[in-house]
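Topology and contacts: notes
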Amino acid sequence: MNSKVILLVEDNPSDIALTKRAFEKSRISNPLVVAEDGQEALDYLFGKTKPSVDGALAENELPALILLDLKLPKLDGLEVLQHIRGHERTRRLPVVILTSSKEDRDLAAGYDGGANSYVCKPVKFEDFAVAIEQLGLYWLVLNEIPPKID
Amino acid sequence: MAIPHRPIRGPSTLSKLIVFVGAAVFGLLVLTGSALYTLNQVKVGGTLYRQVIESKDLRADLLPPPLYIVEGYLLAHELAEVGNPAARDSILQKLRQVGGLFQRRYAHWLATLPPSHPHRDILREGVGKPAIRFFDKVENQLIPASQRGDLGEVRKLLRDSLDRDYRLNRRAVDSLSALARSEVESREASAGTTIAVEMGALLFAAALVIGSLLVFAFLWLRQVPKVEKSLLMSEERFQLAVNASSAGLWDRDLIANTVYFSPVFKAMIGYTDEEFPNDFAAFFNILHPEDKPGLVAAVQAHIGSEKIPYRAEYRLKHKNGEYRWFQGRGEALRDGEGRPYRMLGSVIDITEQRRAEEEIRRLNTELEQRVLDRTAQLDLINRELQAFSYSVSHDLRAPLRGIDGWSLVLQEDYADKLDAQGREYLQSVRSETQRMGHIIDDMLNLSRVTKAEMRIAPVDLSRLASAMTSRLAKANPLRKVECRIEPGMHVHGDAGLLEMALNNLFENAWKFTSRKDAAHIEFFRTEGESGPCYCLRDDGAGFDMAHAGKLFSPFQRLHKYAEFPGTGIGLATVHRVISRHGGKVWAESRVNEGTRVYFTLPIN
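A few points on the structure. (Residues numbered from 1 in each chain as written. Chains lettered and ligands numbered in written order. Predicted model: local features only at pLDDT ≥ 70, side-chain atom pairs only at ≥ 80, totals over all residues. Heavy atoms only, no water.)

1. Points about the overall build of chain A
What counts here: Elements are defined by DSSP. Helices are runs of H or I of four residues or more, strands are runs of E of two residues or more, and each kind is numbered from the N terminus. Burial classes: relative accessible area under 20% of the type maximum marks a residue as buried, over 50% as exposed, and values in between as partly exposed (1.4 Å probe, protein chains only). Contacts were defined at the residue level, with two residues in contact if any of their heavy atoms lie within 4.5 Å. Computed with the Shrake-Rupley method and a 1.4 Å probe, the accessible areas treat only the protein chains shown as cover for residues.
A count of helices and strands for chain A gives five helices and five strands. Counted from the first residue to the last, chain A has its helices and strands arranged as β-α-β-α-β-α-β-α-β-α. Within chain A, buried positions represent 50% of all 150 residues. Taking all contacts inside chain A whose residues are at least 6 apart in sequence as the whole, residues at least 24 apart take part in 66%. Here chain A displays about 7,300 Å² of accessible surface, and carbon together with sulfur accounts for 49% of that area.

2. Quick look at the sheet that holds strand S4 (residues 95–99) of chain A
Residue and element names in this part refer to chain A. Applicable threshold: A strand pair is defined by DSSP finding two or more bridges across the two strands. The convention used is that axes are lines fitted to C-alpha atoms, helices contributing only their stretch in contact, and that angles between N-to-C directions extend from 0 to 180 degrees.
With respect to topology, five strands assemble into an open sheet ordered S2-S1-S3-S4-S5, the strand pairing being parallel. Every interior strand has two partners, whereas the edge strands, strand S2 (32–35) and strand S5 (117–120), have only one. Going across the sheet, the axis of each strand differs from the next one's by a mean of 20°, ignoring polarity. Alignment of strand S1 (residues 6–9) against S2, held across four bridges, turns out to be parallel. By the bridge assignment for S2, Leu7 is matched with Val33. Contacting S1, S2 and strand S3 (65–68), helix H2 (residues 38–45) runs over the sheet at an angle of about 130° to S2.

3. Topic: the sheet that holds strand S2 (residues 258–261) of chain B
Backbone-to-backbone hydrogen bonds join strands into a sheet, with any given pair of strands oriented parallel or antiparallel. Residues and elements named next belong to chain B. Across the sheet, five strands lie side by side as S2-S1-S5-S4-S3; this open sheet has antiparallel pairing. The open sheet has two free edges, formed respectively by S2 and strand S3 (310–317), since each of these has just one partner strand. Ignoring strand direction, the axes of neighbouring strands in this sheet form an average angle of 25°. Along the sheet, helix H11 (residues 351–413) contacts S3, strand S4 (323–334) and strand S5 (340–349); its crossing angle with S4, the most-contacted strand, is approximately 120°.

4. Quick notes on the pairing of S5 of chain B
Residues and elements named next belong to chain B. Along S5, seven of the 10 residues are buried, which leaves the element largely enclosed by surrounding structure. Of the strand pairs in this sheet, strand S1 (residues 248–253) and S5 are connected by six bridges, and their pairing is antiparallel. In the sheet register, Arg252 faces S5, and the bridge partner there is Met343. Bridging between S4 and S5 involves nine bridges; their strand directions are antiparallel. Counterpart to Ala332 in the pairing with S5 is Met343. Hairpin connection of S4 to S5: five residues between the antiparallel strands, including Gly338 at a positive phi of 85°.

5. Side note on the interface of chain A and chain B
Keep this limit in mind: When two components associate, each loses some accessible surface as probed by a 1.4 Å sphere; the sum of these losses over both components is called the buried area. Salt bridge, as used here, is a side-chain nitrogen of Lys or Arg placed within 4 Å of a carboxyl oxygen of Asp or Glu. Pairs of N or O atoms are called polar contacts if they sit within 3.5 Å, as long as, within protein, a hydrogen donor faces a hydrogen acceptor (for residues adjacent in sequence, only side-chain-to-side-chain pairs). In this count, Pro and Cys sit with the nonpolar residues alongside Ala, Val, Leu, Ile, Met, Phe, Trp and Tyr, while Asp, Glu, Lys and Arg are called charged and the others, Gly among them, polar.
Contact residues are listed per partner, giving 25 residues for chain A and 27 residues for chain B. Roughly 2,100 Å² is buried in total at the junction of chain A and chain B, and carbon and sulfur atoms are behind 50% of that figure. Three residues, Lys71, Glu103 and Val123 of chain A, lead the burial of chain A against chain B; their summed loss comes to 29% of the area buried on that side. Linking chain A with chain B are six salt bridges. The partner of Glu412 of chain B in a salt bridge is Lys25 of chain A, and the shortest N-O contact between them spans 2.9 Å. The interface formed by chain A and chain B contains 10 residue pairs in polar contact (both at pLDDT 80 or more). By residue number, the principal contributor to the side of chain A that touches chain B is helix H1 (residues 13–25) of chain A, which donates six residues. Per-class residue counts for the side of chain A that touches chain B are eight nonpolar, five polar and 12 charged.

6. Comments concerning the nonpolar core
All names here are of chain B. Here is the rule: We define a nonpolar core as any set of buried Ala, Val, Leu, Ile, Met, Phe, Trp, Tyr and Cys residues linked to one another through side-chain atoms lying within 4.5 Å.
Judged by nonpolar contacts, the single largest core of 38 residues is most densely connected at Leu461, Leu502, Phe506, Phe523 and Phe599. Secondary structure elements with two or more residues in this core: helix H13 (461–475), strand S7 (481–485), helix H14 (495–512), strand S9 (519–528), strand S10 (531–538), helix H15 (570–580), strand S11 (585–590) and strand S12 (594–599). A per-element tally of this core places H14 first, with nine residues. Excluding residues within four positions of it along the chain, Leu502 makes contact with Leu461, Leu464, Ala465, Met468, Phe523 and Phe599. Leu67, Leu113, Leu142 and Tyr166 belong to the second-largest nonpolar core, a separate cluster that totals 34 residues.

7. Overview of the pattern of salt bridges
All names here are of chain B. Summed over the entire model, instances satisfying the criterion amount to 41 salt bridges over all chains. Residues Glu352 and Arg324 are paired through a salt bridge, measuring 3.8 Å at the closest nitrogen-oxygen approach. Placement of the pair is Glu352 in helix H11 and Arg324 in strand S4, with a sequence separation of 28 residues. Exposure remark for Glu352: the relative accessible area of 47% places this residue in the partly exposed category. In this structure, the salt-bridge partner of Arg370 is Glu366, at a minimum N-O distance of 3.3 Å. Here Arg370 and its partner Glu366 are both found in helix H11, four residues apart, which amounts to about one turn of the helix. Looking at Glu366, the relative accessible area reads 33%, which means it is partly exposed. One connected set of salt bridges, linked through shared partners, spans Glu322, Arg324, Asp349, Glu352 and Arg355.

8. A few points about H2 of chain A
All names here are of chain A. Across the eight residues that make up H2, a large majority, six, are buried. Along H2, the positions that sit buried rather than exposed are Gly38, Ala41, Leu42, Asp43, Tyr44 and Leu45. The elements touched by buried residues of H2 are S1, S2, S3 and helix H3 (77–86). Among the residues trailing H2, Gly47 stands out with phi positive, at a value near 75°.

9. Focus: the environment of Glu274 of chain B
Residue and element names in this part refer to chain B. On the secondary structure map, Glu274 appears in the loop between helix H8 (263–268) and helix H9 (280–286). By relative accessible area, which is 70% here, Glu274 ends up exposed. Separated by 11 residues in the primary sequence, Glu274 and Pro263 place their C-alpha atoms 8.7 Å from one another.

What follows is the structure, encoded as C-alpha cells:
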C-alpha cells in the first residue's frame, strides 16, 4: 500500500495542507505528490520533471490515484483530465475530481471528460476529513487498480 | 377612386346579331312563300280548282240535267221511228222516267229557290211551263197515238207541238244556264277577291312579324349607343366625383393621347386650374426623376393587362419647390376586345403618411437597436453573473474551508493553550464560517433557479412532500410532528425546481414549529381567488403580518438567528420557483398561531 502514490493536483496551499492533515488523521500514509498547476501535473505524469518529494516515480510507474482540482493555473483540471485520457499509457488512471464547485456544468464536464468520481469539498473540516478518509479507503484499499498498459 | 364603367359590346356582337335577325327573316320568308304557294294552288282559278271545275263541266256537258228536256224530246223522236211494240214500250217507259225525274227536280228547284230569286221566274215560266206542257202532250197525246200505232199522228205531234215546247224549254234553259254561269263567274270573282284579301291579311301578318323582329333587332342594336350613354353617365359621375373628391383626379385618353388633370389635383401641387396645363410634359416636368421609370412601368403594366392593378407612389414637385409624395391609383377603360382606350385615376397626397411611416420605421429601427443593445448588455451581465456565481462556487468556499480547517487545527492541536473563552471564540469562528458556507450554497441555489432551463412534466406534489417529511422526521427523531399530506396532488412543472421550493417550505415549517412539543404540518389543495392553490400550514411561531412584504425578498429574515437560524434565502428561492411557473406565492400568519403559505401553479 505504501508504494501507491497519490497525486494531488491543487493550487491552494491551505487546501494542500488540510488535505495532507486529513490523510494523516485517517492514517493513510501513501506518498502524496502535489502538483500546483495543471502543467506540473502533466510533466510529472509524463516523466518530464522529478518532483523533489519522496514520491518520485520509478521508471514506467504511475500514481495509484489522482485527486484533481478543476480551477488551476495554466492548464485547468479538465484539460489535465483530457490529456490523461488521451494518452495510451495514462488513460486507465483513476481520477477523482476534488473541487469546491457543485456547478452542474462542472459535474457534467467532469464525467464527460472521463472522471471516475466527483467529490465536492465540504466547508466544514470534519466533513472534509471524512470525505478524504473515505476516498483513500475506497480507491487505495477497496478498489482494484487497473492493469498497467505497456 | 373607382371609375364605374361598363364594357362596350364590340362589332363581333353586332355581326352576330345581324346574322341572327337575317336568319329569322329568311326563315319567315320561306314559310310565307310556301303558304302563298299552297294558297295559289287551292284558290278559285288555281290549278287544283281548275281541274275540279273542268271535270265538272265535262260531266255537265255529257249528262244533261233533268230540267233540260232534250232527252224526252229525243225519246219522242225515237218513238216516231220505232215499229216494234217491245222497243216502243221500252222507250215509253224511259219517257215516263225522264218525265218523273223532271217533275222531281223541278219541284226541288221551286222549293229551293226563294220567291224573290231572280231565276225563279225563268225557271217557272221559261223552263217549267213548256216542259210540263211537253210531258202532258207526251202522256196524253203522243203515247196513246204511239200505242195505237198511228205514226202519222206521232210525227204530226212531234213536228207541230212538241218541237215548239222543246225549243221554248231549250231557250229558257240556255238563258238560265247563262245566268247561272255568269252568277258563278261573279261568285268566283268574289271568292278570288276574298282569297286575295285573306292572302293580303296573311302577308300583312307576316310583315307585322318581320317588322316587329326588325324593331326588336333594331332596339337590340341600339344597346351599343346605350352603353355609350352609360359611359356618358359614368363620365358625369366622374365629373361629380372630380368636383366632390378630395383626391386629385386625372383622365387620360389613350387614343388621342391627351390628359386632363382635375383642379383638386393641381391644387395639391400648388397650382390653379389655369396655371397647370393639361398635358404630359407639364406632369413629367414636376415628377421626381427617380420615380419616373417606376410610374411609367406601373401604367404600362396595367394597360398591358387588366389583371395588374395600377398603383404607384411617386414624388411631385410642389409649386413651392418641395417634393411631396403622392399615391396614384387608376383603371383603364377597355372596349369589347379588351383594348384600353382611356384611363382614369386618382391621386392622394401621402407625404404626411410617409413621414409618419418613416418616423415609425425610424423609431422601430431605433427600438430594435436599443433592444439589441440592451440584450447585448443583458447577455454581458448574465455572463458576468454566471462567471460571478461560478467563481463564488469555486473560490469563495475554499478560504472558508481554510478558516474552518485551521480553526479546527487550533482547537485540536492547541486546545491546552487556550482558556475556555478562547475555545468558545474559536467555536464561534467555525460556526460563522459554516453559516457563510450555507449562505453561499443558498445563493448559488437561488441563482440556479433563475438560470435553470424549465423542463415541464407531470409532478406528484404529494409524493414529493411525503418524501420530505419522512426525511425530516428521520433527521430529527426527537421531534414530534404530525404531518398530514393530501394525496394525489398532481401538477405540471419542473420537478427539480418544485422539489427545491417544497424543500424550503417544509424546512421552514419544520424549523418554525421546533419550539412546540407536538407540532402539526398540513399540505393540501384548496380554492383560491383565481383557481386552485396549494397551502402548507403549520402551527409554529408565525410572524407579524406587518412585515409580510419582506418575506419573499432575499436575505430578509423575520426572526432572530438565535431563535430560528436561516440565511433568508429560502422563501426568495420559493418565490422564484413559483414565479417561473407563472404562479403566485403569499403567506398568512399570526404570531404564535402558525403560518399558511399559499402558492398557485397556473401552468396546469
